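# Structural overview for review
Given next are the chains, with one letter for each unit.
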Amino acid sequence: MIEQLTQLKEEVIEKITATENIKQLNEVRVAYLGKKGPITDLLKGMGKLPVEERPKMGALVNEVRAEVQHIHDVRKATLEEQAIQEQLEKEAIDVTLPGRPVKVANAHPLTRVIEEIEDLFISMGYEVAEGPEVEKDYYNFEALNLPKGHPARDMQDTFYISEEILMRTHTSPVQARTMEKKQGASFKIICPGKVFRRDNDDATHSHQFTQIEGLVVGENIRMSDLKGTLDIFAKKMFGEDREIRLRPSFFPFTEPSVEMDISCFKCGGEGCNVCKHTGWIEILGAGMVHPNVLSMAGYDPKKVSGFAFGMGPERIAMLKYGVDDIRHFYTNDVRFLSQFHRTEE
Ligand code: FA5
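If you're wondering where the values come from, they're calculated on a predicted model, not measured in any experiment.

Conventions used here
Residues numbered from 1 in each chain as written. Predicted model: local features only at pLDDT ≥ 70, side-chain atom pairs only at ≥ 80, totals over all residues. Heavy atoms only, no water. Helix = DSSP H or I, 4+ residues; strand = E, 2+ residues; numbered from the N terminus. Expected span 1.5 Å × (residues − 1). Buried < 20%, exposed > 50% of the residue type's maximum accessible area, 1.4 Å probe, protein only. Arc of directions from axis to C-beta. Polar contact = N/O pair within 3.5 Å; in protein donor to acceptor, adjacent residues only side chain to side chain. Pairing = 2+ DSSP bridges. Contact = heavy atoms within 4.5 Å. Axes fitted to C-alpha atoms, helices over the stretch in contact; angles between N-to-C directions. Core = buried A, V, L, I, M, F, W, Y, C linked by side-chain atoms within 4.5 Å. Near = heavy atom within 4 Å. Nonpolar A, V, L, I, M, F, W, Y, C, P; charged D, E, K, R; others polar. Phe/Tyr/Trp six-rings, centres within 6.5 Å; stacked < 30°, edge-to-face > 60°. Lys NZ or Arg CZ within 6 Å of the ring centre and 35° of its normal. Salt bridge = Lys/Arg side-chain N within 4 Å of Asp/Glu carboxyl O.

Over its 12 residues, helix H2 (residues 22-33) extends 15 Å from the first C-alpha to the last, a length consistent with the 16 Å expected when each residue adds 1.5 Å. Those residues of H2 that fall on the buried side of the exposure criterion are Leu-25, Val-28, Tyr-32 and Leu-33. One side of H2 carries all its buried residues, which in axial view fall inside an arc of 90°. Away from its buried face by more than 90 degrees, H2 exposes Lys-23 and Val-30. The N-cap of H2, judged by a side-chain oxygen 3.2 Å from the amide nitrogen of Lys-23 a few residues on, is Asn-21.

So, about the sheet that holds strand S7 (residues 244-251). Hydrogen bonds along the backbone pair up the strands of a sheet, which may run parallel or antiparallel. Read across the sheet, seven strands follow the order S2-S5-S6-S10-S9-S8-S7 without closing on themselves; strand pairing throughout is mixed. Either end of the sheet is taken by a strand with one partner, and the two such strands are strand S2 (127-128) and S7. When S2 meets strand S5 (residues 187-196), the two strands line up parallel, connected through two bridges. Considered in S5, the bridge of Val-128 is made with Ile-190. Docked against the sheet, helix H8 (residues 223-238) engages S7, strand S8 (254-263), strand S9 (280-289) and strand S10 (305-311), running at close to 150° with respect to S9. Contacting strand S6 (208-218), S9 and S10, helix H10 (residues 313-321) crosses the sheet at an angle of about 110° to S6.

A word on the side chain of Ser-206. Residue position: Ser-206 is located in the loop between S5 and S6. A relative accessible area of 7% places Ser-206 in the buried class. With near-sequence residues (within four places) excluded, Ser-206 lies in contact with Asp-199, Asp-201, Ile-326 and Tyr-330.

Generally speaking, nonpolar side chains in soluble globular proteins are found buried as a group. Judged by nonpolar contacts, the single largest core of 43 residues is most densely connected at Ile-117, Phe-233, Ile-283, Leu-284, Phe-309, Met-311 and Ile-316. Where this core is concerned, the elements lending two or more residues are helix H5 (109-123), S6, H8, S8, S9, S10, H10 and helix H11 (334-337). Beyond its immediate sequence surroundings of up to four residues, Met-311 is in contact with Ile-117, Phe-121, Thr-210, Gln-211, Ile-212, Phe-233, Ile-283, Leu-284 and Ile-316. Within the second largest apolar cluster, 21 residues are counted, among which are Phe-141, Val-289, Ala-297 and Ala-308.

We now examine the site of the ligand. The environment of the ligand is made up of 23 residues, and the closest members are His-170, Ser-172, Arg-197, Asp-199 and Ser-206. Interatomic distance of 2.9 Å between a side-chain N/O atom of His-170 and a nitrogen atom of the ligand. Between the ligand and Arg-197 there is a distance of 2.8 Å, counted from an oxygen atom to a side-chain nitrogen or oxygen. Residues belonging to the shell around the ligand are distributed by class as follows: seven nonpolar, 12 polar and four charged.

A few words now on the packing of aromatic side chains. Two measures describe an aromatic ring pair: the distance that separates the ring centres and the angle between the ring planes. Under the criterion given, the structure shown has 10 aromatic pairs. Among the aromatic residues, ring-to-ring pairing joins Phe-121, Tyr-126, Phe-233, Phe-307 and Phe-309 into one connected group. Against the face of Tyr-139 rests Arg-177, its NZ or CZ located 4.2 Å from the ring centre.

Summed over all chains, the structure comprises 21 salt bridges. A salt bridge links Arg-242 to Asp-241; the nearest nitrogen and oxygen atoms lie 3.3 Å apart. One salt bridge in this structure joins Arg-335 and Asp-333, with 2.8 Å as the shortest N-O distance. Overall, the relative accessible area of 25% leaves Asp-333 in the partly exposed class. Residues participating in the shared-partner salt-bridge network are Asp-137, Glu-142, Lys-148, Arg-153 and Glu-164.

With that settled, the discussion passes to the environment of Thr-331. Positionally, Thr-331 belongs in the loop between H10 and H11. Residue classification places Thr-331 among the exposed positions, given a relative accessible area of 53%. In this structure, the C-alpha to C-alpha distance between Thr-331 and Ile-283, residues 48 residues apart in sequence, is 24 Å.

Below you can see the structure in the form of structure tokens.
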């Protein structure tokens, strides 16, 4: 029996030492040290031994079992340590690798154009004014020399909240509101904001779009001041060699009224697809503030005069960035918007 025990001890030690992972070690433990294992069998078989030999054999078996258990425990600790090391190596982060580029969201292309125009006029001493998008009929039309029933109202049909309240069709009501507030004082403002019209959406029209209004009121403000201001605007926005052209037009709130064109920045005036082969691109409407508008807001048209202009940033952004459909600005397609993104390392 002692021989059997010694053989068993050597066998199990050899098996334990040969294990490569915890799973294998567990299998060896169950097989040799478990309830149905050979060591337990030996203990059970001791009943067959003469009584005087039993304590000695019992002690021997227990000694072997303790020794095997110890070797098992040492092996277990080694294998566990090895497993942790392997895992650490697998999950190791190489901090010397360069980081992945992070996409940084940028201002919407329309916001960019609006801010660029704001900055330009602020640099020329203009204040930025704001007005409500839900507006009174009075400010949107009447105070701008467009009384009820005036045929020019048809060009700016909009969404009415009630008979007297509507979604503003242009930023021009801010003209009347600012003049009322300034109470006869001179001023220079620009007003960016959303406007609404019952226009059918197509590549160049939207039922909601943005405008930027400009208004200068004071003594001795002349058409040449308007022309000079628009000339600077055209050159700063579209390039120093741009020329401007004023064509007669009609707005009930300005007299005389003009449309301003710029010489085409793509072909330089020779004619191309951007300028529809005319050499000129229409940019905005403008004019000298109508005396009726001045007097309705409490200014004396004999003493003061003013000029005003209004433009659509969508159309300007389309020209600047070569966008062929105004709807791109509103459909939130990331393929479109991401072209205006910066990538930062
Ligand atoms: C006006 O709205 C006048 N209030 C502008 C003005 C102000 C004239 C001050 C004189 C003095 P108009 O309807 O032309 O004018 O619109 C001005 C600009 O808004 C247009 O040149 C165009 O760029 C833009 N616009 C007009 N309708 C739409 C639309 N449906 N979608 C996108 N942009 C539009």
